[in-house]
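For reference, the chains in residue letters:
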Amino acid sequence: NGGIRYDHFKYELDANEDLNSEKSDESYNTVNPSIGAQYHILDNLRFHASAGTAFFVPDAYKVAGNYEVSVYFPEWDYTWVASYAGNPDLKPEKSKTFDFGFKYNLLDQAFNADLTYFRTYHKDKIADYTLEDGTTSYMNADKAQMEGLELMSSFDFGVLANRKYKLELYSNWTFMFKSELEIDDAGATLKKDMQYVSRTTGSFGIFYNSYKGLTSRINTRFAGSRLEMDRFSELRTGYSPDNYYTRKDYTVDDE
């Protein structure tokens with residue numbers, strides 16, 4: 001199967017003194033094709049693959065915003081302040097993704113499992129960075145890559161009861177092998193791990209459907225470790241430069 005999507009955007013930003021933004025307008029066109037296929041190897045085993053492109057248009061705050069956020073911590077008598085400034089030259093993100101994997105079922109589809117490998121290539125990936133005065137702004141990284149594995153599995157006990165109801169245990173996991181930005185810094189190419197991208201994420205739980213009007217779900221989500229900028233360094237008096245991440249072209253000053 002295949003498809004193609006066309007989008008046209010037209011923005012009109014009003015002048016706003018509070019946001020320190022001027023009146024401007026912007027238009028954007030994008031065409032994104034996709035294609036997918038699957039092949040039944042056995043009755044209960046199939047191979048699937050797909051490829052496509054995508055886009056992400058930055059919101060007005062990242063383009064024209066200029067504002068501050070402050071939070072007061074009474075236990076420390078400390079006010080945390082973060083300043084943000086938009087980048088009017090910010091361009092939309094574009095990406096290409098391909099994936100392939102296997103889907104397997106057993107016991108008349110009571111048990112289902114899917115293992116999928118994926119890789120995404122970004123162009124003009126939007127990333128935040130800190131100006132010399134400490135203000136957070138946004139920029140387009142030259143390139144970015146994301147690579148990982150998705151694992152989904154479920155077991156429906158209702159199949160064993162002639163499908164009089166659905167009682168399904170399920171689990172979905174994503175394992176990131178790579179999430180890397182390439183940034184041009186004064187002629188040198190820096191490769192940095194993406195911030196705010198967890199290396200492992202998952203959800204698992206139980207779903208019930210009586211097929212008589214009652215449905216319920218208990219779900220748990222897990223977010224593994226991820227890289228973030230330390231915006232509370234003033235409160236972390238026990239930290240030293242040795243605590244900060246210094247791999248993949250990060251330095252202690254990045255905190």
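Quick note: structure is the one above.
Report on the accompanying structure. (Residues numbered from 1 in each chain as written. Predicted model: local features only at pLDDT ≥ 70, side-chain atom pairs only at ≥ 80, totals over all residues. Heavy atoms only, no water.)

1. What to know about the overall build of the protein
Thought 1: Within the protein one finds one helix and twelve strands.
Thought 2: Scanning the protein from its N terminus toward the C terminus, one meets helices and strands in the order β-β-β-α-β-β-β-β-β-β-β-β-β.
Thought 3: Expressed as lengths along the three principal axes of its C-alpha atoms, the size of the protein is roughly 65 × 50 × 40 Å.
Thought 4: Classification of the 255 residues of the protein by burial places 34% in the buried group.
Thought 5: Long-range contacts, defined as pairs at least 24 residues apart, comprise 58% of the intrachain contacts of the protein with a sequence gap of at least 6.
Thought 6: Carbon together with sulfur atoms contributes 52% to the accessible area of the protein, which is approximately 16800 Å² in total.
Thought 7: Of the side chains in the protein, 28 bear a positive and 40 a negative charge, and the two mean positions are spaced by 11 Å. (Helix = DSSP H or I, 4+ residues; strand = E, 2+ residues; numbered from the N terminus. Buried < 20%, exposed > 50% of the residue type's maximum accessible area, 1.4 Å probe, protein only. Contact = heavy atoms within 4.5 Å. Areas by Shrake-Rupley, 256 points an atom, 1.4 Å probe, with all protein chains shown as cover. Lys, Arg positive; Asp, Glu negative; His and termini not counted. Charge placed at Lys NZ, Arg CZ, Asp CG, Glu CD.)

2. With respect to the nonpolar core
Thought 1: In this structure, F118, A127, A141, A144, M146, M176, L181, I183, M194 and V197 together form the largest nonpolar core, which totals ten residues.
Thought 2: Looking at this core, the elements that each hand over two or more residues are β7 (111-130), β8 (136-156) and β9 (166-185).
Thought 3: The residues touching F118, leaving out its near neighbours within four places in the chain, are F98, D99, M146, E147, G148, L149, E150, T174 and M176.
Thought 4: Within the second largest apolar cluster, eight residues are counted, among which are F73, W80, A82 and I126. (Core = buried A, V, L, I, M, F, W, Y, C linked by side-chain atoms within 4.5 Å.)

3. Some details on the pattern of salt bridges
Opposite charge on two side chains allows them to pair when their charged atoms are near.
Thought 1: The tally for this structure, following the rule as stated, stands at eleven salt bridges.
Thought 2: The salt bridge involving R5 is made with D7; its shortest N-O contact spans 2.7 Å.
Thought 3: Across the pair D193 and K248 runs a salt bridge whose closest N-O atoms are separated by 3.0 Å. Of the two residues, D193 is situated in strand β10 (residues 188-193) and K248 in the segment after β12 (215-223); the sequence distance between them amounts to 55 residues.
Thought 4: With relative accessibility at 13%, the residue D193 sits in the buried group.
Thought 5: Within the structure, one salt-bridge network assembled from shared partners comprises D156, K166 and E168. (Salt bridge = Lys/Arg side-chain N within 4 Å of Asp/Glu carboxyl O.)

4. Some remarks on the pairing of β10
Thought 1: In this structure, β9 lies alongside β10, joined through six bridges in antiparallel fashion. Considered in β10, the bridge of E180 is made with D193.
Thought 2: Following β9, the chain reverses through two residues before pairing antiparallel with β10; A186 in that reversal takes a positive phi of roughly 55°. (Pairing = 2+ DSSP bridges.)

5. A word on a nonpolar patch on the surface
Thought 1: On the surface, a cluster of nonpolar side chains totalling about 460 Å² of accessible area is made up of F157, L160, L169, I206 and I218.
Thought 2: Its place among the elements puts I206 in strand β11 (residues 200-209).
Thought 3: Assessed through its relative accessible area of 30%, I206 is described here as partly exposed. (Patch = residues over 30% accessible without salt bridge, like charges linked within 9 Å, V, L, I, M, F, W, Y side chains within 5 Å.)

6. Some thoughts on unusual backbone geometry
Thought 1: Backbone geometry at D108 places phi at a positive 55°, although glycine is not the residue there.
Thought 2: Mapping D108 onto the fold places it in the loop between β6 (93-106) and β7.
Thought 3: Residues other than glycine seldom take positive phi values, yet Y196 does so here, at roughly 65°.
Thought 4: Along the chain, Y196 falls in the loop between β10 and β11.

7. A few points about the environment of N105
Thought 1: Relative to the helices and strands, N105 is located in strand β6.
Thought 2: Counting along the chain gives 133 residues from N105 to G238, while the straight-line C-alpha distance between them is 52 Å.
Thought 3: Look past the residues within four positions of N105 in its chain and what remains in contact with it is N44, F111 and N112.

8. Looking at the side chain of D7
Thought 1: Tracing the chain through its elements places D7 in strand β1 (residues 2-13).
Thought 2: Excluding residues within four positions of it along the chain, D7 makes contact with Y28, N29, T30 and F55.

9. Focus: the side chain of S95
Thought 1: Inspection of the secondary structure puts S95 in strand β6.
Thought 2: Among all residues touching S95, those that are not within four sequence positions of it are G52, T53, A54, T120, Y121 and H122.

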